[in-house]
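Next come the chains, spelled out residue by residue.
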Amino acid sequence: MLSNIITEKENGICYVTINREKTLNTFDYQTLSELQDAVEEIHLDPDVQVVIFTGAGEKAFSAGADLKERKTLTPNEVRRNVKLIADVFNAVAALPQPTIAAVNGYAFGGGFELMLACDMAIAAMNSQFGLTETSWAIIPGAGGTQRLPRLVGVMQAKELILTARKFDAAEAKELGVVLDVVEQERLLEKCKVLASRITQNGPVAIRQAKFAINEGMNTDLDTGIKIESKAYELTIDTEDRLEALAAFAEKRKPKFKGK
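What you see as residue numbers is a count from 1 along each chain, following the sequence as written. Note on the predicted model: pLDDT of at least 70 is required for a residue's local features to be given, and 80 or more for side-chain atom pairs to be given and counted; whole-chain, interface and lining totals, by contrast, use all residues. Water and hydrogen atoms play no part in the side-chain values, which are based on all heavy atoms of the structure.

A short note on the sheet that holds strand β10 (residues 180-182)
- By definition, two strands form a pair when at least two bridges between them are found by DSSP. In this text, helices come from DSSP runs of H or I with a minimum length of four residues, and strands from runs of E with a minimum of two, each type numbered from the N-terminal end. The strand order across the open sheet formed by 6 strands is β1-β2-β3-β5-β7-β10, and the pairing between neighbours is mixed. A strand with exactly one partner marks an edge of an open sheet, and here the two such strands are β1 (5-10) and β10. Ignoring which end each strand starts from, the neighbouring axes of this sheet average 20 degrees apart.
- Bridge analysis of strand β2 (residues 13-18) against strand β3 (residues 50-55) gives 6 bridges, and the strand direction is parallel. Pairing of Thr 17 across the sheet is with Thr 54, part of β3. Between N-to-C directions, angles cover 0 to 180 degrees, with each direction set by a line fitted to C-alpha atoms, over the stretch in contact for helices.

Considerations on the pattern of salt bridges
- A carboxyl oxygen of Asp or Glu within 4 Å of a side-chain nitrogen of Lys or Arg is what we treat as a salt bridge. In the structure shown here, the tally under the stated rule is 12 salt bridges.
- Between Asp 119 and Lys 210 there is a salt bridge, with the nearest N and O atoms lying 2.8 Å from each other. In this pair, Asp 119 sits in the loop between α4 (110-117) and β7 (120-124) while Lys 210 sits in helix α9 (residues 203-217), placing the two residues 91 residues apart along the sequence.
- Between buried and exposed lies partly exposed: a residue is buried under 20% and exposed over 50% of the maximum accessible area for its type, with that area taken using a 1.4 Å probe on protein chains only. Take Asp 119: its relative accessible area is 32%, and that puts it in the partly exposed class.
- A salt bridge links Arg 165 to Glu 159; the shortest N-O distance between them is 2.9 Å.

Quick look at helix α10 (residues 221-236)
- With 16 residues, α10 extends 23 Å from end C-alpha to end C-alpha; this agrees with the ideal 22 Å at 1.5 Å per step.
- The complete set of buried residues in α10 reads Gly 224, Ile 227, Ala 231 and Thr 235. End-on, the buried residues of α10 take up no more than an arc of 90 degrees, which puts them together on one face. Exposed and oriented more than 90 degrees from the buried face of α10 are Asp 222, Lys 226, Lys 230 and Tyr 232. How far a helix is expected to stretch is found by multiplying one less than its residue total by 1.5 Å. By definition, the arc is the one covered by directions from the helix axis to the C-beta atoms.

A closer look at the nonpolar core
- What we call a nonpolar core is a set of buried Ala, Val, Leu, Ile, Met, Phe, Trp, Tyr and Cys residues that are connected through their side-chain atoms within 4.5 Å. Formed by 46 residues in total, the largest nonpolar core has its most connected members in Met 115, Phe 129 and Leu 148.
- Leaving out residues up to four positions away in the same chain, Leu 148 has contacts with Phe 112, Leu 116, Leu 131, Gly 143, Gly 153, Ala 157, Leu 160, Ile 161 and Val 177.
- In terms of nonpolar packing, the next biggest core, distinct from the first, is built from 14 residues, Tyr 15, Leu 187, Cys 191 and Ala 195 among them. By definition in these notes, contact holds between two residues if any of their heavy atoms fall within 4.5 Å.

Observations regarding unusual backbone geometry
- Positive phi, close to 65 degrees, is recorded for Ala 137, a residue that is not glycine.
- With respect to the helices and strands, Ala 137 occurs in the loop between β8 (128-130) and α5 (144-152).

Thoughts on the packing of aromatic side chains
- Here a pair means two rings of Phe, Tyr or Trp (six-membered ring of Trp) with centres within 6.5 Å. Their orientation is stacked below 30 degrees between planes, edge-to-face above 60, and tilted elsewhere. Following the criterion strictly, the structure yields 5 aromatic pairs and no others.
- Ring centres 5.6 Å apart and planes at 70 degrees place the aromatic pair Phe 27 and Phe 89 in the edge-to-face group. Here the residue Phe 27 occupies a position in the loop between β2 and α1 (29-43), and Phe 89 occupies one in helix α3 (residues 75-93), the gap between them amounting to 62 residues. One exposure class covers both Phe 27 and Phe 89, and it is buried.
- Pairwise contacts between aromatic rings join Phe 112, Phe 129 and Phe 167 into one cluster.

Focus on the sheet that holds strand β9 (residues 167-168)
- Across the sheet, 4 strands lie side by side as β4-β6-β8-β9; this open sheet has mixed pairing. Where the open sheet ends on each side, the last strands, each with one partner, are β4 (60-62) and β9.
- Taken together, the 2 bridges between β4 and strand β6 (residues 106-108) define a ladder with parallel strand orientation. Looking at β6, one finds that Ala 60 is bridged to Tyr 106.

A word on the environment of Thr 54
- For Thr 54, the position within the fold is in strand β3.
- Judged by relative accessible area, which is 9%, Thr 54 ranks as buried.
- For the pair formed by Thr 54 and Leu 114, sequence separation is 60 residues and the distance between their alpha carbons is 9.9 Å.
- If we skip the residues at most four places from it in the chain, Thr 54 touches Val 16, Thr 17, Ile 18, Phe 61, Ala 102, Asn 104 and Leu 188.
- Polar contacts here mean pairs of N or O atoms no more than 3.5 Å apart (in protein, one a potential hydrogen donor and the other a potential acceptor; neighbouring residues in sequence count only if both atoms are side-chain atoms). Reaching out from Thr 54, the side chain makes a polar contact with the side chain of Asn 104 at a distance of 3.3 Å.

Listed below in structure tokens is the structure:
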């Protein structure tokens, strides 16, 4: 039996692929459960420095919930699935490692929400986006109503969510929901280059910088500065900080150990 979620690790980068190409990488209960297990394992893996999420094939990152399955579910089973998808995407957002969404096609509904839960996103030119839930007489239930306005502003988010409008990769870049748009064949390589630039830096510092940004954005500036100071404090006694200074003095690249 093929896994619905495939994880591969290489040089500190973990690639997580939604492996349901025939269903446009939609999320059924089994896929969400497997993704939850994968994210929990990655969270605790000291060897993973950056995570790249993508979908199988070249048509879809994820088209969201599996509506064929959804049609067969009882109201309580729908509630179960909605809670699970929210929990899983919250776990993605809470990963200590930086996360990159390699958007290789449709990113609708829950697929768009998974992208929003990642720290950064790069899209293929053929990608399309949208929080389309209101067209199905529901609302985004996995963070979309909260993460999108924080990214693009309240008014723009309301327009996109209330109209259920779909938009292309060029507009996604203009809105600031993706960093860049590239040809499909260059997508993973572009994400790998970005991830590799991150892995060249101190692992403890990377995690603390992400923590400080995320926590600081949810509070006022004065509190955010205090959060930053505490995060900085955790880097002072590390071996990596001393290694960086030694490497500078010796005119060589530092060899960080994440300690």
